[in-house]
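# Architecture and fold: a report
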Amino acid sequence: MDDRLAVTESDIEEAMITHLQTFLLELGKGFCFEARQKRILIDGEYFYPDLIFYHRYLHCNVIFELKDHDFRHEDLGQLNAYVAYYKKNEMAEGDNPPIGVLLCTDKGPQMVEYALSGMDNNLFVSTYMLHLPDKEQLRAFMLKQMEEANIE
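Residues numbered from 1 in each chain as written. Predicted model: local features only at pLDDT ≥ 70, side-chain atom pairs only at ≥ 80, totals over all residues. Heavy atoms only, no water.

## Things to note about the nonpolar core
- Core analysis: the biggest nonpolar cluster contains 15 residues, and Met16, Leu51, Phe53, Val62 and Phe64 have the highest contact counts within it.
- Elements that contribute at least two residues to this core include exactly α1 (9-18), α2 (20-27), β4 (51-55), β5 (60-66) and β6 (99-104).
- Examining the composition of this core, we find that four residues originate from one element, β5, more than from any other.
- With near-sequence residues (within four places) excluded, Met16 lies in contact with Phe23, Leu51, Leu66 and Leu103. (Core = buried A, V, L, I, M, F, W, Y, C linked by side-chain atoms within 4.5 Å. Buried < 20%, exposed > 50% of the residue type's maximum accessible area, 1.4 Å probe, protein only. Helix = DSSP H or I, 4+ residues; strand = E, 2+ residues; numbered from the N terminus. Contact = heavy atoms within 4.5 Å.)

Structure follows, in structure tokens:
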């Protein structure tokens, strides 16, 4: 059986919260935990973004949506709605627009490209792994990402 099938969104969220300090350090400097499953009201219906952070240096909310399946375009629509809600209802004076991060088990690069096309919100799609890569795999991944982003 594929390990991904045995893990639910709730399991991932619970593990992140249980290991919040480690998770925050992995994200990088400036992330402050704000909420888990924060209830927001849209058109009389409640919705629950998975994890909400505030980034001290970027001066914006960062909304994480966790999925226990491969990327689906409707997941991005859900995250986009949360980011738009935060932009309209939660931003304080001096804040920058919120950022949305969708973490899923796998992503098809073309579908992500098409799904993100034309969206003006800051949305990012990435995959997570059930086990951390070894140091060399992580180094190779970071170098590849930097090369693709033209960062020297």
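## So, the pairing of β5
- Among the seven residues in β5, seven count as buried, and that is most of the element.
- Residues of β5 alternate between two faces, with Cys60, Val62, Phe64 and Leu66 on one and Asn61, Ile63 and Glu65 on the opposite face, all of them buried.
- Of the strand pairs in this sheet, β4 and β5 are connected by five bridges, and their pairing is antiparallel. Its bridge partner lying in β5, Leu51 is registered against Phe64.
- From the end of β4 to the start of β5, which pair antiparallel, there are four residues, and His59 there has a positive phi angle of about 55°.
- As defined by bridge partners, β5 adjoins β6 across five bridges and the pair is classed as parallel. Bridging from a neighbouring strand, Val62 pairs with Ile99 of β6.
- With helix α3 (residues 73-89) bridging β5 and the parallel β6, this β-α-β connection has right-handed handedness. (Pairing = 2+ DSSP bridges. Right-handed = clockwise from strand over helix to strand, strands pointing away.)

Keep in mind that these numbers describe shape and distance, not what the molecule does.
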